[in-house]
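Here's the letter readout for the chains.
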Number of protein chains: 2
Amino acid sequence: MNKPITIKEIARDLGVSFSTVSKSLNDSSEISEKTKKKVKEYAALRGYTPNQIALSLKNSATYTIGVIIPDIQNSFFASVLKNIEIHAKSYGYRIVTFFTNETLKEEEESLKILSKGLVDGLIVCPSDETFKKKKFDHFNAIKNMNTPVLIFDRVDDNLEFDSVSVDDYKSIISALDYLYEKGARDIVLASAIPDVSVGKKRKEAFEKFITDNPEVNGTILEADDNTVLKSMLYEALDTKKVDAVLGVDIESTSLANAVVSMLGKTYKEEISLIGYVNKQFNRLIHPRVSYINQYPEKIGQIAVDMIVDKIKIGNSKLLNKEVIETTLAIKDTSR
Amino acid sequence: MNKPITIKEIARDLGVSFSTVSKSLNDSSEISEKTKKKVKEYAALRGYTPNQIALSLKNSATYTIGVIIPDIQNSFFASVLKNIEIHAKSYGYRIVTFFTNETLKEEEESLKILSKGLVDGLIVCPSDETFKKKKFDHFNAIKNMNTPVLIFDRVDDNLEFDSVSVDDYKSIISALDYLYEKGARDIVLASAIPDVSVGKKRKEAFEKFITDNPEVNGTILEADDNTVLKSMLYEALDTKKVDAVLGVDIESTSLANAVVSMLGKTYKEEISLIGYVNKQFNRLIHPRVSYINQYPEKIGQIAVDMIVDKIKIGNSKLLNKEVIETTLAIKDTSR
DNA sequence: TTGTATGCGTTATCAA
DNA sequence: TTGATAACGCATACAA
């Protein structure tokens, strides 16, 4: 249980100055090959490894990106996080992750802690409660610090930061166009995120489509409580004529899927289902759900690219808002 | 984009020494109330917050726990991670997470990076490949450092560290006892983790049960490739008489569930399914899968308790190996 | 070629 | 009551 060896100790043991050791280990041309060799060999022998904390202080850089996500159990966020980590690694960055569990309080705390010089940049997806309570002060507070911030997925006009998100409007219209073409006229929109920005945008797109196509009978079912949403879905699918369900998030989509299964309905014949889920989700169930691919890999990659850019170049005045094009992946659950 | 303000700058602005500022902010009794008030007010005004990196260097403590897990997309690990994070927070610790994607290489790199003074302790679940290649040198290397390490879930005799895991043997026997009692005699064990310690232990328990109960016809299907395992399951369930499937991990269980659904078989009537899945997994599907609850919350909590203990008390010679008792949760998929 | 001094932001010890 | 100085571990400009 020996404490990690430091440059000073190596210097002492070798009878040289600690700057000689430092230079040797960094392969400085100032030092003779002979000394370098001696130092390096001893350092290797003792398992020397530079203390990252000291380096961070010295360089005022932590090589760490902070990530704040609402819920790791949500497979969309899990997938984005995974890809953020992979991509950050390739840039030589680590990630420190905070989960807010969709609460404002934990989000505020996370932002506060991470703005104390622990990270070089921040990738954040705001919590449900943040939108519900329309509290964005903690974000504005961090805008005055020099830590670059990037928002992903749940972008909002109140959050004046760079961002990566998907084409909510277009994706809904594409899905509805598809369902319409296949004959669906009674369509349900299900949402477990009525307050969140993306939930609102997707709902607006749905409403627009209904207005533009009066022959379509649209129903919106939304509740952030799963039990409530599930019974709403159950009642609707049990008592009304429903040709298709469009789920704006993983929760609502999986609930719809379960309800269809509970009611013994068959996909393709009786009903269609399209949702904002992902491959990972789809691997678990049968039949596969048709889905709007949000390309979480791309979101993660672009998020890291953008934040690393900001870390290196520094903040610019202009906001950079990336929008990822989704695609519709048709599976067994949609005719 | 002002850089965060430091004690020195406050001292300069206020015309006092920086040690006075430090003491004031720490409410030292040495400083007059008047000065303290002045300093605190100005610090608050300028949004001063102590630099955590400097504190870490000063205190040789990072208040950070490193977590290394094989795959965040696996909902068991996601659940454990979530609970590690929640519990660590309550102790005032952050977590920095590395994902190995079940590879030895990324595990080695993660251990190497995290042993450079970045964390006060390490919670690790080794990768599949580590077991496959029986390479544990990188773990032994870190044993010589002063960073405490704790292994969770995939414990192994080659890994001489404290650990938290579940009662693999007992849980399998309980599940088999249950199935046996309900009349199952043709039982399939499915595993997507044949090389991993827990996979092996669960398989051994299964084999023991078969030996002890010769009237039971046991079949073991294992492959770490999902496609392969899926077709093995398909063939077995399609051509042979199978009363029950026991999945030793989430992958194999979800594959079995999908195959049953593909073959149009009905649970309770024709076949039973029990697996090492969790609530989170079960919420997504219908009908619910009977499962062996490994209590990921407990695993996360105990892991943090143990590592925080070791960080504070220091390493002891005796190994502490916690074993969590699982329970069997019977759902619609098992008669 | 090697050694000394400085600073990154803190806290703590000691001096004034 | 306040201030100066050292130390945490490192890299680097400067001195020898």
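- Labelled according to an unreviewed UniProt entry, chain A appears under the name LacI family transcriptional regulator, originating from Neptunitalea lumnitzerae.

**Let's talk about the relation of the copies chain A and chain B**
For step 1, the next point in the chain: Overlay of chain A on chain B (RMSD 0.1 Å): rotation 180°, translation along the axis 0.0 Å. Here the transformation between the copies is reduced to the relation of a two-fold axis. Distance from the rotation axis, computed per C-alpha, reaches its smallest value in chain A at Val96 of chain A: 2.1 Å.
For step 2, the next point in the chain: Of the residues that chain A buries at the interface, 98% are likewise interface residues in chain B, meaning the two copies contact each other through the same surface.

**Notes on the sheet that holds strand S12 (residues 327-329) of chain A**
All names here are of chain A.
For step 1, the next point in the chain: Spatial ordering of the open sheet is given by S7-S6-S8-S9-S10-S12, a layout of six strands whose pairing is mixed. Of all strands in the sheet, those with a lone pairing partner are strand S7 (217-222) and S12, marking the two edges. When strand polarity is set aside, the average angle formed by the axes of neighbouring strands in this sheet is 20°.
For step 2, the next point in the chain: Note that strand S6 (residues 186-191) and strand S8 (residues 244-247) share four bridges and pair parallel. Following the sheet pairing, Val188 is matched in S8 by Val245.
For step 3, the next point in the chain: Sheet contacts for helix H10 (residues 197-212): S6 and S7; angle to S7, the most-contacted strand, approximately 160°.
For step 4, the next point in the chain: With respect to the sheet, helix H11 (residues 226-239) is in contact with S6, S7 and S8, its orientation differing from that of S7 by roughly 155°.

**Re the interface of chain A and chain B**
For step 1, the next point in the chain: Of the residues lining the interface, 57 residues belong to chain A; the matching set on chain B comes to 56 residues.
For step 2, the next point in the chain: For the pair chain A and chain B, the two sides together bury roughly 5300 Å², of which 58% comes from carbon and sulfur.
For step 3, the next point in the chain: Run the count over chain A and chain B and you get four salt bridges.
For step 4, the next point in the chain: When the shortest N-O distance is used, the salt bridge between Arg283 of chain B and Glu251 of chain A registers 2.6 Å.
For step 5, the next point in the chain: At the boundary of chain A with chain B, the tally comes to 12 residue pairs in polar contact (both at pLDDT 80 or more).

**A few points about empty space enclosed by the protein**
For step 1, the next point in the chain: For the structure shown, the criterion picks out one cavity of 30 Å³ or more.
For step 2, the next point in the chain: By volume, the largest cavity amounts to about 190 Å³.
For step 3, the next point in the chain: When residues of the lining of the largest cavity are traced back to their parent elements, those giving at least two are helix H4 (52-59) and strand S2 (94-99) of chain A together with helix H4 (52-59) and strand S2 (94-99) of chain B.

**What about the protein's contact with DNA strand C?**
For step 1, the next point in the chain: Close contacts around DNA strand C come from 27 residues, with Ser19, Thr20, Lys23, Thr35 and Lys58 of chain A the closest.
For step 2, the next point in the chain: Those atoms of DNA strand C that come within 4 Å of the protein belong to sugar or phosphate at a rate of 58%.
For step 3, the next point in the chain: Here a base oxygen of DNA strand C and a side-chain polar atom of Ser19 of chain A are 2.9 Å apart.
For step 4, the next point in the chain: Taking Lys23 of chain B, its side chain carries an N or O atom lying 3.4 Å from a base oxygen of DNA strand C.
For step 5, the next point in the chain: Looking at the surface near DNA strand C, the elements that each hand over two or more residues are helix H2 (18-25) and H4 of chain A together with helix H1 (7-14), helix H2 (18-25) and H4 of chain B.

**Quick word on the pairing of strand S5 (residues 162-166) of chain B**
Residues and elements named next belong to chain B.
For step 1, the next point in the chain: Buried residues dominate S5, accounting for five of its five residues.
For step 2, the next point in the chain: The side-chain alternation of S5 yields two buried faces, one formed by Asp162, Val164 and Val166 and the other by Ser163 and Ser165.
For step 3, the next point in the chain: Summarising the sheet, strand S4 (residues 149-152) and S5 pair through three bridges and their orientation is parallel. Looking at the pairing, Leu150 lines up with Asp162 of S5.
For step 4, the next point in the chain: Sheet topology note: the S5/strand S11 (residues 321-324) ladder contains four bridges and is parallel. Opposite Val164, over in S11, you have Glu322 as the bridge partner.

**A word on the protein's contact with DNA strand D**
For step 1, the next point in the chain: Near DNA strand D, the surroundings consist of 26 residues, among which Ile7 and Tyr48 of chain A together with Thr20, Lys23 and Thr35 of chain B are the closest.
For step 2, the next point in the chain: Within the side chain of Lys8 of chain A, one N or O atom sits 2.9 Å away from a phosphate oxygen of DNA strand D.
For step 3, the next point in the chain: Broken down by secondary-structure element, the contributors of at least two residues to the surface near DNA strand D are helix H1 (7-14), H2 and H4 of chain A together with H2 and H4 of chain B.
For step 4, the next point in the chain: Residues of the surface near DNA strand D, tallied by class, amount to 10 nonpolar, 10 polar and six charged.

**Some thoughts on the sheet that holds strand S8 (residues 244-247) of chain B**
Residue and element names in this part refer to chain B.
For step 1, the next point in the chain: Across the sheet, six strands lie side by side as S7-S6-S8-S9-S10-S12; this open sheet has mixed pairing. At either margin of the open sheet sits one strand with a lone partner, and together these are strand S7 (217-222) and strand S12 (327-329). Going across the sheet, the axis of each strand differs from the next one's by a mean of 20°, ignoring polarity.
For step 2, the next point in the chain: Bridge count between strand S10 (residues 290-293) and S12: three bridges; the pairing is antiparallel. Paired with Tyr291 across the two strands is Ala329, which belongs to S12.

**Brief notes about the packing of H1 of chain A against helix H3 (residues 33-45) of chain A**
Residue and element names in this part refer to chain A.
For step 1, the next point in the chain: One can describe the packing of H1 onto H3 by two numbers: an axis separation of 11 Å at closest approach and a directional angle of 120°. One way to sum up the angle between H1 and H3 is to call them oblique. The interaxial crossing formed by H1 with H3 has right-handed handedness. For the pair H1 and H3, the contacting residues are Ile10, Asp13 and Leu14 in the first and Lys38, Val39, Tyr42 and Ala43 in the second.
For step 2, the next point in the chain: For the contact of H1 with H3, the per-class residue count stands at five nonpolar, no polar and two charged.

**Re the pattern of salt bridges**
For step 1, the next point in the chain: Using the criterion set out here, one finds 48 salt bridges over all chains in the structure.
For step 2, the next point in the chain: Across the pair Lys23 of chain A and Glu30 of chain A runs a salt bridge, and its minimum N-O distance is 3.0 Å.
For step 3, the next point in the chain: Lys23 of chain A gets classed as partly exposed once you look at its relative accessible area, which sits at 31%.
For step 4, the next point in the chain: You can call Glu30 of chain A exposed: its relative accessible area is 59%.
For step 5, the next point in the chain: Of the charged contacts in the structure, one is a salt bridge between Arg46 of chain B and Asp13 of chain B, with a shortest N-O distance of 3.3 Å. With Arg46 of chain B in the loop between helix H3 (33-45) and H4 and Asp13 of chain B in helix H1, the pair connects residues that are 33 residues apart, well separated along the chain.
For step 6, the next point in the chain: Using a relative accessible area of 34% as the deciding quantity, one classes Asp13 of chain B as partly exposed.
For step 7, the next point in the chain: One continuous salt-bridge network, built from bridges that share partners, spans Asp27, Glu33, Lys36 and Lys40 of chain A.

Analysis parameters
- Residues numbered from 1 in each chain as written.
- Chains lettered and ligands numbered in written order.
- Predicted model: local features only at pLDDT ≥ 70, side-chain atom pairs only at ≥ 80, totals over all residues.
- Heavy atoms only, no water.
- Least-squares fit on C-alpha atoms with pLDDT ≥ 70 in both.
- Contact = heavy atoms within 4.5 Å.
- Pairing = 2+ DSSP bridges.
- Helix = DSSP H or I, 4+ residues; strand = E, 2+ residues; numbered from the N terminus.
- Axes fitted to C-alpha atoms, helices over the stretch in contact; angles between N-to-C directions.
- Buried area = accessible area lost by both parts, 1.4 Å probe.
- Salt bridge = Lys/Arg side-chain N within 4 Å of Asp/Glu carboxyl O.
- Polar contact = N/O pair within 3.5 Å; in protein donor to acceptor, adjacent residues only side chain to side chain.
- 1 Å grid on protein atoms, 1.4 Å probe; cavity = no way out; pocket = protein on both sides within 12 Å on 5 of 7 lines; lining within 4 Å.
- Points joined across faces, edges and corners; volume = space filled by probe spheres on them.
- Near = heavy atom within 4 Å.
- Buried < 20%, exposed > 50% of the residue type's maximum accessible area, 1.4 Å probe, protein only.
- Nonpolar A, V, L, I, M, F, W, Y, C, P; charged D, E, K, R; others polar.
- Parallel < 35°, antiparallel > 145°, perpendicular 65-115°, else oblique.
- Left-handed = near helix turned anticlockwise from the far one by under 90°.

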